[in-house]
Structures are given as structure tokens and as C-alpha cells.
Amino acid sequence: DQQVKQNSPSLSVQEGRISILNCDYTNSMFDYFLWYKKYPAEGPTFLISISSIKDKNEDGRLTVFLNKSAKHLSLHIVPSQPGDSAVYFCAGGGSQGNLIFGKGTKLSVKP
Amino acid sequence: GAGVSQSPSNKVTEKGKDVELRCDPISGHTALYWYRQSLGQGLEFLIYFQGNSAPDKSGLPSDRFSAERTGGSVSTLTIQRTQQEDSAVYLCASSAWAGSPDTQYFGPGTRLTVL
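These numbers were taken from a predicted model, which means no experiment stands behind them.

**Digging into the overall build of chain A**
Working step 1: What chain A contains, in helices and strands, is zero helices and eleven strands.
Working step 2: Helices (α) and strands (β) of chain A occur, in sequence order from the N terminus, as β-β-β-β-β-β-β-β-β-β-β.
Working step 3: A compact globule built from 111 residues would reach a C-alpha radius of gyration of about 13 Å, and chain A, at 13 Å, matches this within 12%.
Working step 4: Overall, the C-alpha framework of chain A stretches about 40 × 30 × 20 Å when taken along its three principal axes.
Working step 5: Within chain A, the proportion of its 111 residues that are buried is 48%.
Working step 6: Of the accessible surface of chain A, which amounts to about 5300 Å², a share of 49% is contributed by carbon and sulfur atoms.

Quick look at the structure:
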């Protein structure tokens with residue numbers, strides 16, 4: 001039973017446009033969510049987080065939106081750049097300690 | 001300001017052999033986590049250490065897997081009698097456990113291949 005789901009395995013976006021990465025969850029006990037980016041042969045790199053009591057958090061080109069009633073979060077990257085091409089993971093965290101990850105979405109930003 | 005380091009970066013072993021994977025967390029981080037990522041999958045939690053508390057082993061897939069954390073710092077993940085399904089990238093992360101959200105920082109991983 002997947003507690004965190006990223007239903008799109010891949011996404012292709014033109015440079016300069018907005019990239020929207022989606023994530024759904026089933027566990028209402030998550031206290032926060034995080035987004036990570038992963039390049040091949042490297043460990044995941046932390047991007048941005050959001051507390052479950054917030055509905056939006058921004059950091060530069062990144063904005064994460066949380067809709068608790070829909071159990072849905074999304075990461076917006078604007079404007080998208082070719083260097084953003086990577087696999088993006090969302091994860092839920094809380095009192096359990098460990099993070100629970102989705103399977104990832106591979107983003108390709110085309111010049 | 002070193003990040004999380006892991007060794008070796010790659011390990012190829014024969015089925016049935018034991019392997020040890022090492023993780024050096026960020027200095028001062030009290031929490032240390034092991035995950036693994038199999039091909040095409042997300043990150044699967046294995047075990048986590050928080051300070052001097054007993055580790056949370058709830059993610060370990062079998063009793064062939066064990067981990068230690070010595071002196072509250074370096075951790076070793078041991079896989080005994082390796083099987084081909086153990087082939088994966090093993091990732092270590094650490095965090096300051098300073099509140100919510102508790103951001104975990106990952107090492108580069110060890111790619112384990114069991115022949």
C-alpha cells in the first residue's frame with residue numbers, strides 16, 4: 001500500500017515554461033512534506049519542504065502547494081531550466097522518523 | 001562543511017557473501033537513516049538511529065540485514081549471505097532532528113550488485 005504516490009513517471013517541459021510535479025498521499029499523519037531532486041549516480045538533494053499546517057511555501061523558482069483536503073501536493077518550478085532535468089521525489093515525514101517516498105517523476109526540460 | 005559520505009561507492013559481490021557498507025553522517029547530526037533504491041523504485045526505508053535510543057529496525061527486509069552505529073556517528077550496514085534481490089543503491093541520510101520539518105541530507109549512495 002503506497003502511502004505516497006507520484007502517478008506521472010515522466011514529464012517533459014520546454015525551457016522557460018512552468019514545470020508542475022504532482023504527489024498524492026494517503027497518510028493523514030504526515031507532519032511535513034519534502035521534495036528532493038536526484039541526478040543519476042548521486043544521492044537525493046533536498047529542495048524544499050512544507051509543514052502540514054501551511055498551504056504554500058516558496059523558495060526562488062520553487063513553490064510547493066499543499067491541499068490537505070485533497071491529500072495532494074505539487075511542486076512548481078518556474079521558469080524551468082535544462083539543469084532542472086532530474087528525477088524528483090516527494091516524501092512525507094512525521095513522528096515515525098523515517099521519510100516515506102514516492103517512486104519519483106523524471107523531469108526533462110528541453111532547450 | 002562535509003556532507004554525508006558513504007563507502008564504497010560501488011560494490012560487486014557474489015551471491016552468498018557478506019557485505020559491509022559504511023556511512024559517515026554530517027557532524028553533529030543525531031539521526032541517521034538507511035534507505036535503498038531498487039531499479040525503477042522509490043526509496044525504501046530500512047533502519048534509523050536517533051541519539052542513544054534503540055534503532056527503529058522496522059524497515060529491514062530480512063534478518064540477513066543489520067546495522068550498527070558506533071559512538072553516535074559512523075554507521076555500518078551489514079548484509080549477510082547476499083542474494084541477487086539485494087542488488088540496489090543503498091543510501092544513507094542524516095538529520096539534526098531539530099524539529100519539524102526534519103530535513104534529511106543524503107550521501108551519494110553505494111551501488112551494490114550481487115552476481
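**Remarks on the environment of Gly59 of chain B**
All names here are of chain B.
Working step 1: Its location among the elements puts Gly59 in the loop between strand S5 (43-50) and strand S6 (65-69).
Working step 2: By relative accessible area, Gly59 is classed as buried at 15%.
Working step 3: Gly59 sits ten residues away from Phe49 along the chain, and the two C-alpha atoms are 12 Å apart.
Working step 4: For Gly59, the contacting residues outside a window of four places in its chain are Phe45 and Leu46.

The rules behind each value
- Numbering of residues starts from 1 in every chain and runs along the sequence as written.
- Each chain takes a letter, starting from A, and each ligand takes a number, starting from 1, following the order in which they are written.
- Given that the model is predicted, a residue must reach a pLDDT of at least 70 before its local features are reported, and side-chain atom pairs must reach 80 or more before they are shown or counted; all residues, however, enter totals for whole chains, interfaces and linings.
- Based on all heavy atoms of the structure, the side-chain values leave hydrogens and waters out of the count.
- Helix numbers and strand numbers start at the N terminus; a helix is a DSSP run of H or I with at least 4 residues, a strand a run of E with at least 2.
- Our radius of gyration looks at C-alpha atoms and nothing else; its globule reference is 2.2 Å times the residue count to the power 0.38.
- When a residue's accessible area, from a 1.4 Å probe over protein chains only, is under 20% of the maximum for its type it is buried; when over 50% it is exposed; and in between it is partly exposed.
- Surface accessibility in these figures is a Shrake-Rupley result with a 1.4 Å probe; residues are shielded only by whichever protein chains are displayed.
- Two residues form a contact once any of their heavy atoms are found within 4.5 Å.

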